[in-house]
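What follows is the residue order along each chain.
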Amino acid sequence: MAKISARKGSFRICLQLFLVFTAFTSFCEAGVSCESDQFCQDLYQTADTVCLSTTKECSNPFQKGCLQAKGVKGYVDKLRVCTSSEESPTATNSTSDDNSRVDYCRDSKFDYPEIRIHNGDWASSYILAWIYQIILVEILGVPASVGLTSEAAKSQGFYAANNTFEYSTLTYPWDALKLANQMMNNEQNCEHTQDPCVHILPEVWSGQADKLHTLYMDDMDMPPVIDRPTSNGIVYKPSLMIPKKTAQELPSLGISFGLQGDQNQKILAETFKKPTNWVDYCETVSLNNCSVPDGTAARYPAEEEKSLYFLEGSYTGYFLATDKNNCVASTSLEDCHGYLVGPPCDWSAFLDSQIYWNNIGLKNDGPLGNSTSYSYSSMQEIWKAANATGSHVMMWWWLASTEAQAFGNSSYSPQMVQLPQPSMECIANRPTVAQRCSADPMERRGSPLGACDHEYSQLQRAIASQLNINNTEATGVDRSPATDYITALKISEFDIIDILQRIRAKGDGDGHMIHAREAVCDFMVHHIAHFEAIIPPFYPKRLAPVFEIGTGHFVAQALALLVGICALVCIFLTYKYRETKTMIFAQPTFMYLILIGFCFVCLAAYLLAVLPEDNICLSIKWMEVLGFTIQLVPIMIKTAALNRLISSSKKHQRININRRSLLRKVTMWMTLVVLALVAWTVTDPPKVTAFKSLNRDDPSEVIVDRECKSIQLAWEIVQSAMELVLLFICAILAFQSRNAISVVNESRVLAQVVYSHFLFVILRVLVTAFDLADLWSGDIIPILASCNHSCDTMFAMCIYVVPKIIKARYEPDKYKPNAPGESQSTRGLKTDPKLKVLVCTANMGNAEPTRESMEAWVPTDGACHHVTPLSGAAKQLKKGYFDIIVIGMQESTWARNDTKALAKTEAAKSEEKISEEDILNALDKHDSATLRTMVQDIVGSEYIQIVEENRGQMRLSIWASVNIENDIKKVRISGANTGIGNVLSNKGGIVATFDYKATRFSFISAHLAAHEGENYYKNRLQNIRSILREGKTSELSGKLDVTLTSHHMFLLGDLNFRTKFEEEDLPHEKCVNRAMNLVEFKDYEGLYMYDELQKGLHNDELLYNFETLPCDFPPTFKVQREPGFVYKNQRTPSYTDRIVFKSMNGFGSHLTPLAYEPCVDFVTSDHKPIRGAFSILPNGETKPRMIYGKLILKLARLQAFGLPVADSSGKSDPYVMLMWEGVDLFAQNMSLRDKMRRYYNGQFWPRTGYRTRTLDPVWDDEEIHVEAENPMIRKGSFLHVVVVDHDTFGNDDFMCGATLSLWDLLQEGTKTHGIDIPLTKEGTLCGRIKFKLYVGFPEATRAPARRGSVIQLNRFIHFFDQSTGGDEEDGDIPPTALNQVPSDRPKSTPNWRKEQTEKESKQVLNSLFGQGAMPPAKTK
């Protein structure tokens, strides 16, 4: 491509330009009509065009881009940038449907503003606009559109959907440049308005020089509208033109001398007639108003055709000889002239000046304005009309037009008319645009000094000043190369000629502009090297490779997960040691909150190390803020409360710390934080923001860092400020608590936590500073932030939580303020082997009890003589103390009276400090602390609390004498809610189980459904089943409830069973009166007959095999809150407060009731409490037995009856499972499936096969076989025979079970027992089971001697004479000859043990029942 140089005076070049630029005007408006895609593809020789169904025109074959369509290297796989009129598939915040999106362009990778280029209303300007757009969009990656408005840009750009060629409606839209500046000043752009708005005018002629100067230098105090105008590279010379035919016939008209003077005026008048438009011809010339074709007009014009001067095939045009053309008839030469065709007055034409001052007899007589000129399209039509009619015409035209190429070297190729040569003086005196458009003819003509011909001039381009200002102010990535490139780009007149010649070559000389885009594209491809050579340095920018998760991110994620897992483990360990001294004073609830905060921060740390998304950004901020808040607020509030407690103690005041109040404060803080986070989320949520920066080593590469940011920085500042405020408050509280007692003194630890947090906050600030300073790459920042969070959490956890857990682990026992280590018994060692248990239950009526009422219920010092004995038990209660005191309470919460200050009970010195017990009570709920303190004061220091459990308004506390505390093992607590929806804890039960000398005790404190009536009675039965189902405490709790696994069990509480008379329709008042009469006559036995509980037990409706003592006293409900029994009429007097108990089969003789009575002087409730005393012989007092050799147990001929329905079919699929406790048994003859179960589950319980769809299954052909080697059998060992429903999918369901005492089964030696026992589930009878149980003791060396039908067991069983009850650790088992391997054992026989066992079993059976006989079904 050649750049233009000074070529003034080269008429040949100008003529060539004129010939090229005056072609192709017939079809410049519309695209090519089509009927099929194939037609379009054949026309453009490409598959990238289709026939549009909406317009039936061929689509633009270059929509996807010029360089890509032509296969230019480096651009084949490169999508062009989308313009504002297009929407890429990746566009965000789209409001349009998917049909408007395109897949042939992409969003700009950088924040370059879109450039709007004006195409003008002539060809060269249009072609330049397309060249600029292709360079910007495809080479530089800058969005660019072509058109005057946003709507026009959709059809006039190079990438428009339709292949049209539509000129602009304005020539020089100066106001559109001003609007572009205003939009950019407001941080907007042209695509944000529908008004005319452009940034670049690619071609401005010299006639606009004064306008350009005005826009550039108009106001020195304001920024100019445009930058300094620069040349676009084209040299041009407009002039008067005549057809070649005219020049040949009248050669004198080709120079000014042949035009000037009166002598030539007649020639001009006769030669150049007036162009006539279609409607004027029909109405003034045609004889029939064009109703009949006459060779000129084929018809009358349509409304939109009336102003046309030529229309192919319809109107050839007409040049009218007017009166002005007839100089002979004119009275003077001034009224005689020819007609000139001139452009609009704002064009760079000076015809009025040139014609008038050179005395040329021509005049403009067009339809436009004061200058009576013609429009651009009218001028094109007039030249074609002259060609069609063979008329002469003189027209002002310029060399860069599109008409000449259509006529080639024909008689109507345009020829230039030479006027007086231009000079600097002439150029300076030419009229301005304002003058040329004036209504005053003389002002339009200007000075005679400006009447010379046009000079050769360089065309200018105008660029909106704000575009360059904004680009200059931008730095780095944001700086667009557009203005620098456009300023440097030069397109010469030869380049324009080349393009127009390509257009003609593509159209085979037909003059169509349908190939204009292809011609421009071919030109771009041919000169691509030149266009790339002038690209500014380090452009076009390219993005660095897309960031992926790397090793550093995986390390950060792993660290976050590790710390999070540690926090979860700490939560578990805190729960495990929650009842230790360390955890009680640390408050487990607050520890849970702190650890949950650690988990939140770890989650934030993990999310920081993943690829950010908007939802992840939001989650990170929520987790960070909530995590740090939950960490610090509980510590702050708890420490403040302890400081207040310590401060009050110095003033001899004693206060309670309301835990609910503390939690409410924590909740309040968290609510405020959550509200702030919600406001943040709604108004300015953190989102992924892409930050671009230049690669220092390669400025052409742009690195994109994705960070989570809000628009307003204030949110981040508030977050950091809140953390600092919390740390500052914690630091102050740590300083204040420095003198607290050691058990609650966390000043040093808290200070270390604050210091640690401050350290990591500083590190976070440093990381942020390095990020802002761009000292580190963006992918390192989130890794450092994630590791900072993880390490901060780990340090805080190691400082505050881990030491407490370690201390609790080494001091795992439950904290008891009066533990033996602190308070030793003064009563001496326990000598009575039996355990005296006092069971107390009371409905407290939601009122704080008085000390007197509590002493009337709980015996002072735990002394037995305070309790009224049953008949025959006076001796046992005459003296001594209870070993266990069980206290169950219902409705045991009440509103606290904060106005009453609790004064110290004794004088305190000013330096006295509060005790650990004081702090324990202060930290607990006020009602819990009150009851604990009151009971402790009543029973004295000889008792410690081994169980304390609260569930809503229910409580269960168990106190043990310090003499037996060390023998109590395996304390377990459970429970169930049976309130509304089985969720509310106003009803339900608390289950506590512990072992004492091989005896398992279970206590259930329950509060069942209230009210009278059959439905409420059934609700109470359901409540009991729910408590037993949910409140399991044994190792076998997955299947068995405490009624099957406890040696002795007590159910106490407000069971709410009412007095129910047999008459169903008896009115309430009569029921009350009848009961009151029985009470008045002290007929308690008669009233007890109507008690729902005793009738239910008698009828096996509930609590099968449970017992209750008869109520030989007045009903305990519903009474006035005063001494004695004064009943309220609202309810029928009833025995609602009860104690029921049960012993396992074979252990009933170990339990003896001693007392059962109400507490009359309890005056703060509408119930009267009751209490019962029991004497229980522990199993450990019976000597255990050691069986030397083998113990064999076989269950055979199993059969069950009346099993419950377990499946939806109304049947069950039952099988029998054998379980055991207190002895180690091993299943024999296991199937492969059973071996796999034992391998995967560890513990395997032998079982039968399951029977399908039956409630009365039989297992005649199966047996369960278990054995034990040298077992030690204790009194408390037992077997569980369990029936289970098989489920093919899911877990099998427990149906029912029964318990057998293994101790009792061994008393008769080797024997086959016929067993027929009831099956129960949750205290309810659920069928029966029958089977044969073989118990065998095969001897190792010889069969035992038979004495009658009973084996002498001394050969097999060793009795231990141990005073401690036979615990395993109490002594070694002496060996005997029978447990040694025989010396004559055949060593080569691997199955010796099995053969020996079978042999010994056979000997035992023969000795019992005779040779070859089967064991009988029953033996004595």
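Being a predicted model, the structure only gives us computed values, none of them experimental.

A. Quick look at the overall build of the protein. Looking only at helices and strands, one finds 42 helices and 44 strands in the protein. For the protein, the residues scored as buried account for 53% of the 1420 residues in total. Taken as a whole, the protein presents about 62400 Å² of accessible surface, with 53% of it coming from carbon and sulfur.

B. Structural view of helix α29 (residues 780-800). Spanning 21 residues, α29 covers 30 Å between terminal C-alpha atoms, matching the ideal 30 Å at 1.5 Å per step. Those residues of α29 not exposed but buried are I781, I783, S786, N788, H789, S790, D792, T793, A796, M797, I799 and Y800.

C. Focus on the confidence of the model for the protein. Residues of the protein with pLDDT of at least 70 account for 82%, and the chain-wide mean is 80. For residues 1-29, every residue scores under 50 in pLDDT, and the model assigns this stretch 110 contacts once sequence neighbours within four places are set aside. In this model residues 818-823 is a low-confidence stretch, pLDDT under 50, and it forms 12 contacts with partners more than four residues away in sequence or in other chains.

D. Quick peek at helix α10 (residues 278-285). Among the residues of α10, W278, V279, Y281 and C282 are the ones counted as buried. The buried side chains of α10 occupy one side of the element, clustering within an arc of 165° when seen end-on. Its buried side turned inward, α10 meets β8 (274-276) and β9 (318-320).

E. Focus on the sheet that holds strand β18 (residues 701-709). The strand order across the open sheet built from three strands is β15-β18-β17, with neighbouring strands paired in mixed fashion. Here the strands that pair on one side only, and so sit at the sheet edges, are β15 (542-543) and β17 (687-694).

F. Seen up close, the packing of α29 against helix α30 (residues 802-810). Following both chains from N to C, one finds α29 and α30 inclined at 35°, their axes separated by 4 Å at the closest point. Counted together, M797, C798, I799 and Y800 of α29 and V802, P803 and K804 of α30 form the full contact between these two elements. Of the residues that constitute the contact of α29 with α30, the class distribution is six nonpolar, no polar and one charged.

G. Focus on the packing of helix α4 (residues 123-140) against helix α20 (residues 516-526). Taken N-terminus to C-terminus, the directions of α4 and α20 make an angle of 55°; their axes are 11 Å apart at the nearest point. As far as their axial angle goes, α20 and α4 are oblique. The hand of the α4/α20 crossing is right-handed. Along the contact surface, α4 presents I127, W130, I131, I134 and I135, while α20 presents A516, R517, V520, F523 and M524.

H. Local environment of the state of the cysteines. The final tally for this structure, using the stated rule, is nine disulfides. Paired by a disulfide, C190 and C197 hold their sulfur atoms 2.0 Å apart. The disulfide joining C190 to C197 has a torsion of about -65° about its S-S bond and is therefore left-handed. What makes C190 buried here is its relative accessible area of 1%. The partner cysteine of C282 in its disulfide is C290, sulfur to sulfur 2.0 Å. Handedness here is read from the sign of the S-S torsion; for C282 and C290, about -100°, the answer is left-handed. Exposure class is identical for C282 and C290. Each is buried. Not engaged in a disulfide, the cysteine C570 finds its nearest cysteine sulfur in C566; these two sulfurs lie 6.7 Å apart.

I. Expanded view of the pattern of salt bridges. On inspection of all chains with the given rule, the structure shows 33 salt bridges. D1091 is the partner of R1138 in a salt bridge, and the nearest nitrogen-oxygen pair spans 2.7 Å. In this pair, R1138 is assigned in strand β29 (residues 1137-1143) and D1091 in the loop between α38 (1084-1088) and α39 (1092-1098), connecting sequence segments 47 residues apart. Owing to a relative accessible area of 0%, D1091 belongs among the buried residues under this scheme. Salt bridges here are not isolated pairs; linked through shared partners, they connect K70, E518 and D522.

J. How the structure looks around the nonpolar core. Core analysis: the largest hydrophobic core is formed by 112 residues, its most contacted members being I131 and F531. A per-element tally of this core places α4 first, with 14 residues. Here I131 is in contact with I491, I499, V520, F523, M524 and F531, once residues within four sequence places are set aside. Counting 46 residues, the second-largest nonpolar core is a separate cluster that includes L1191, L1279, V1282 and L1306.

K. Seen up close, the pairing of strand β40 (residues 1311-1321). The buried fraction of β40 is high, at eight of 11 residues. The hairpin turn running from β40 into strand β41 (residues 1324-1336), its antiparallel successor, is two residues long, and E1322 in that turn takes a positive phi close to 55°.

L. Fine view of the environment of N387. On the secondary structure map, N387 appears in helix α12 (residues 376-389). The sequence separation of N387 and F407 amounts to 20 residues, and the corresponding C-alpha distance is 9.0 Å.

M. Geometry of the environment of L1078. Secondary-structure assignment places L1078 in helix α37 (residues 1068-1080). Residue L1078 is classed as buried on the basis of its relative accessible area of 16%. C-alpha separation for the pair L1078 and P1114, spaced 36 residues apart in sequence, amounts to 9.3 Å.

N. Region of the structure containing the packing of aromatic side chains. Going through the model one piece at a time under the given rule, you end up with 39 aromatic pairs. Between W347 and Y376, the aromatic rings sit 5.8 Å apart at their centres with planes inclined by 40°, giving tilted as the arrangement. Residue W347 is located in the loop between β10 (338-340) and α11 (351-357), and its partner Y376 is located in helix α12; the two are separated by 29 residues in the primary sequence. Under the relative-accessibility criterion, W347 is labelled buried at 7%. The interplanar angle of 70° and the centroid separation of 6.1 Å between the aromatic rings of F523 and F531 together place this pair among those described as edge-to-face. This pair shows no difference in class: F523 is buried, exactly as F531 is. Over the face of the ring belonging to Y800 we find K804, whose NZ or CZ atom lies 3.9 Å from the ring centre. It is R809 that lies over the ring of Y810; its NZ or CZ is 5.4 Å from the centre.

O. A look at the side chain of D1041. Its place among the elements puts D1041 in the loop between α35 (1014-1030) and α36 (1042-1045). The side chain of D1041 sits in the buried core without any salt bridge; K1032 is the nearest counter-charge, 6.3 Å away. Of the polar contacts made by the side chain of D1041, one reaches the backbone nitrogen of E1322; its length is 2.9 Å.

P. Layout of the sheet that holds strand β30 (residues 1151-1158). Read across the sheet, six strands follow the order β22-β23-β20-β19-β31-β30 without closing on themselves; strand pairing throughout is mixed. With one partner strand each, in any of the chains shown, β22 (943-951) and β30 form the two edges of the open sheet. This sheet shows a mean twist of 15° between the axes of neighbouring strands, independent of strand direction. Taken together, the eight bridges between β22 and strand β23 (residues 954-961) define a ladder with antiparallel strand orientation. Along β23, the bridge assignment pairs E949 with L956.

Thresholds, definitions, all that
- Residues numbered from 1 in each chain as written.
- Predicted model: local features only at pLDDT ≥ 70, side-chain atom pairs only at ≥ 80, totals over all residues.
- Heavy atoms only, no water.
- Helix = DSSP H or I, 4+ residues; strand = E, 2+ residues; numbered from the N terminus.
- Buried < 20%, exposed > 50% of the residue type's maximum accessible area, 1.4 Å probe, protein only.
- Areas by Shrake-Rupley, 256 points an atom, 1.4 Å probe, with all protein chains shown as cover.
- Expected span 1.5 Å × (residues − 1).
- pLDDT = per-residue confidence, 0-100.
- Contact = heavy atoms within 4.5 Å.
- Arc of directions from axis to C-beta.
- Pairing = 2+ DSSP bridges.
- Axes fitted to C-alpha atoms, helices over the stretch in contact; angles between N-to-C directions.
- Nonpolar A, V, L, I, M, F, W, Y, C, P; charged D, E, K, R; others polar.
- Parallel < 35°, antiparallel > 145°, perpendicular 65-115°, else oblique.
- Left-handed = near helix turned anticlockwise from the far one by under 90°.
- Disulfide = S-S within 2.5 Å.
- Salt bridge = Lys/Arg side-chain N within 4 Å of Asp/Glu carboxyl O.
- Core = buried A, V, L, I, M, F, W, Y, C linked by side-chain atoms within 4.5 Å.
- Phe/Tyr/Trp six-rings, centres within 6.5 Å; stacked < 30°, edge-to-face > 60°.
- Lys NZ or Arg CZ within 6 Å of the ring centre and 35° of its normal.
- Lys, Arg positive; Asp, Glu negative; His and termini not counted.
- Polar contact = N/O pair within 3.5 Å; in protein donor to acceptor, adjacent residues only side chain to side chain.

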